[in-house]
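Secondary and tertiary structure notes
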Amino acid sequence: MQLYEIKNIFHLELDSLYQKEEVANFFYMFMEKYLNLERFTLVMQPNFSITKEEEQSFFEGLTQLKQEKPIQYIFGETHFMDLTLKVNENVLIPRPETEELVKWVIDDCQVERSRNLRILDIGTGSGCIAISLAKALSNAKVFALDISNKAITVAMENAKYNDVKIEFLQGDILSIDSTKLPVFDIIVSNPPYVRELEKKEIQNNVKKYEPRQALFVPDDDALVFYDAIAEFSRKNLVIGGKLYLEINQYLAEETKTLFEVKKFKEVILKKDIFENYRMLRCIK
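Below or above, wherever it landed, is the structure these notes cover. What you see is a predicted model, and the numbers here were worked out from it, not measured in a lab.

Attention now moves to the overall build of the protein chain. Within the protein chain, the secondary structure is distributed over 11 helices and 11 strands. What you see for the protein chain is a C-alpha radius of gyration of 21 Å, in line with the 19 Å of a compact globule of 284 residues. Counting only C-alpha atoms and orienting by the principal axes, one finds that the protein chain spans roughly 65 × 40 × 35 Å. Per-residue burial over the protein chain gives 52% buried out of 284 residues. Of all intrachain contacts in the protein chain linking residues separated by at least 6 positions in sequence, the fraction that spans at least 24 positions is 65%. The averaged location of the 45 negative side-chain charges in the protein chain is 5 Å from the averaged location of its 37 positive side-chain charges.

All right, on to the sheet that holds strand 3 (residues 118–122) then. Paired through backbone hydrogen bonds, the strands of a sheet run either parallel or antiparallel to each other. One open sheet holds the 7 strands; their spatial order is 5-4-3-6-9-11-10, and the pairing between them is mixed. Of all strands in the sheet, those bounded by a partner on one side alone are strand 5 (166–170) and strand 10 (265–271). In this sheet, neighbouring strand axes are inclined to one another by 15° on average, regardless of whether the strands run parallel or antiparallel. In this sheet, strand 4 (residues 141–146) lies alongside strand 3 in parallel orientation, the contact comprising 5 bridges.

This part covers unusual backbone geometry. A positive phi angle, close to 50°, is found at E266, a residue other than glycine. Secondary-structure assignment places E266 in strand 10.

Moving on, we come to the nonpolar core. Counting residues in each nonpolar core, the largest one holds 37 residues, and the members touching the most others are L243 and F259. The element contributing the most residues to this core is helix 10 (residues 224–236), with 6 residues. When sequence neighbours within four positions are dropped, the list of residues in contact with L243 reads I187, I229, S233, L237, F259, F264, L280, R281 and C282. Counting residues in each nonpolar core, the second largest holds 32 residues, with L117, V142, A155 and F168 among its members.

For any two helices packed against each other, the geometry is given by the interaxial angle and the distance between the axes. In the contact formed by helix 1 (residues 3–14) and helix 2 (residues 20–35), the axes pass within 10 Å of each other and the chain directions differ by 140°. In terms of their interaxial angle, helix 1 and helix 2 are classed as oblique. At the point where helix 1 passes helix 2, the crossing takes the right-handed sense. Contact residues: L3, I6, K7, F10, H11 and L14 in helix 1; K20, V23, A24, F27, Y28, F30, M31 and L35 in helix 2. Within the contact of helix 1 with helix 2, the residues separate by chemical class into 11 nonpolar, 1 polar and 2 charged.

Once that is clear, we can look at the packing of helix 10 against helix 11 (residues 252–261). Viewed as axis vectors pointing N to C, helix 10 and helix 11 meet at an angle of 25°, and their least axial separation amounts to 10 Å. As the angle between them shows, helix 10 and helix 11 are arranged roughly parallel. Of the two elements, helix 10 crosses helix 11, and the hand of that crossing is right-handed. Contact residues: helix 10 offers Y226, D227 and A230, while helix 11 offers T255, L258 and F259. Partitioning the contact of helix 10 with helix 11 into residue classes produces 4 nonpolar, 1 polar and 1 charged.

All right, on to the packing of aromatic side chains then. Applying the stated criterion to the full structure yields 14 aromatic pairs. Taking 5.7 Å as the distance between ring centres and 75° as the angle between the ring planes, the aromatic pair formed by F10 and F30 counts as edge-to-face. Of this pair, F10 sits in helix 1 while F30 sits in helix 2; the two residues are 20 residues apart in sequence, bridging distant segments of the chain. For the pair F10 and F30, a shared accessibility class is recorded, and that class is buried.

A separate point is the environment of K242. In this structure, K242 sits in strand 9 (residues 237–246). When sequence neighbours within four positions are dropped, the list of residues in contact with K242 reads D108, D185, I186, I187, L237, R281, C282 and I283.

Moving on, we come to the environment of E32. Inspection of the secondary structure assignment puts E32 in helix 2. The spacing of E32 and K165 is 133 residues in sequence and 31 Å in space, taken between C-alpha atoms. E32 has contacts with L37, E38 and R39, leaving out every residue within four places of it along the chain.

Cut-offs and rules
- Residues numbered from 1 in each chain as written.
- Predicted model: local features only at pLDDT ≥ 70, side-chain atom pairs only at ≥ 80, totals over all residues.
- Heavy atoms only, no water.
- Helix = DSSP H or I, 4+ residues; strand = E, 2+ residues; numbered from the N terminus.
- Rg over C-alpha atoms; globule rule 2.2 N^0.38 Å.
- Buried < 20%, exposed > 50% of the residue type's maximum accessible area, 1.4 Å probe, protein only.
- Contact = heavy atoms within 4.5 Å.
- Lys, Arg positive; Asp, Glu negative; His and termini not counted.
- Charge placed at Lys NZ, Arg CZ, Asp CG, Glu CD.
- Pairing = 2+ DSSP bridges.
- Axes fitted to C-alpha atoms, helices over the stretch in contact; angles between N-to-C directions.
- Core = buried A, V, L, I, M, F, W, Y, C linked by side-chain atoms within 4.5 Å.
- Parallel < 35°, antiparallel > 145°, perpendicular 65-115°, else oblique.
- Left-handed = near helix turned anticlockwise from the far one by under 90°.
- Nonpolar A, V, L, I, M, F, W, Y, C, P; charged D, E, K, R; others polar.
- Phe/Tyr/Trp six-rings, centres within 6.5 Å; stacked < 30°, edge-to-face > 60°.

Below, the structure written as C-alpha cells:
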C-alpha cells in the first residue's frame, strides 16, 4: 500500500475525533517512529509504498488512536528536557509546563551547582523531574517518592536508561512518617491538583488512560496535597531550603496563601509561557 493512501485512511477514521492538523501529525509521527522517514518523504516521493508488515504497525496504532489512547502510550515513550522516558498507563505523561518548573529549579541552582544538594521529588511518576535534576545537577543526591510501586518501576527504568542514580522511596505523602526521611535542601513536586469540577476541561484521552490518582482531587479539599507537602517540608526542609511546586492556575492565590499561613518566606508565583500562574516557589 502507498503511504498517501494510509494517510487518507487516518483522516477518514480520525478527523471526527481530532483536529485535521493533529491527525496529520499523528501520521507523520508514525512514519518517523516505524519507518524512520522524515515527513517530507511524501512530498519528494508521493507514491512511496510500504510492506504489509509495515502497514500493520500503522493500522494497529490507528485502532488505538480511535480508542483515544495517547500516542505517547502507543509508542511507550515520550520526550522531556531532551531526555527519552518510558511511559505507560501507570504514570502521567510529562507536560511542557513541568519542564518550566524543572528549568526554574536548575536556574536557581546555578551558583550551587557544585554543592552536594539533597533534592526530593514528591510524586515522581515517570521520574521526569528527578531524572532531569540529577542530569543537570550531577553533584546532587536526588530522592524520588511515589505512592505507586508500578510508577516507581517505570521511574527506575527511566533512571537506568538515562544513566542517573536516584534513591526511590515508596510512600504516601498524606500519611508518611517524616522522621524516617532525611532533611533536604530542595523539595519539588507536581502533585494532583485537578478538581472534579474541572473534568469537563480535560481531554478524553487523559481521563480514559492516565492514572486518576495522579490527577484529581476532591472539590472540597483541592489543596490536600499542598497542605501535606507544606507540613512535610516544615520538618524535612533545611532552614533556607526551597520548595518548588506545580499548581492549579485557578487556585494560585489560595495556594500562595496556604504557604504564607504555614510561615514560609518569599512565597512567589510564576507564570508559564501561556501567562498562567502554574508554579510556586517558597523558602523555609
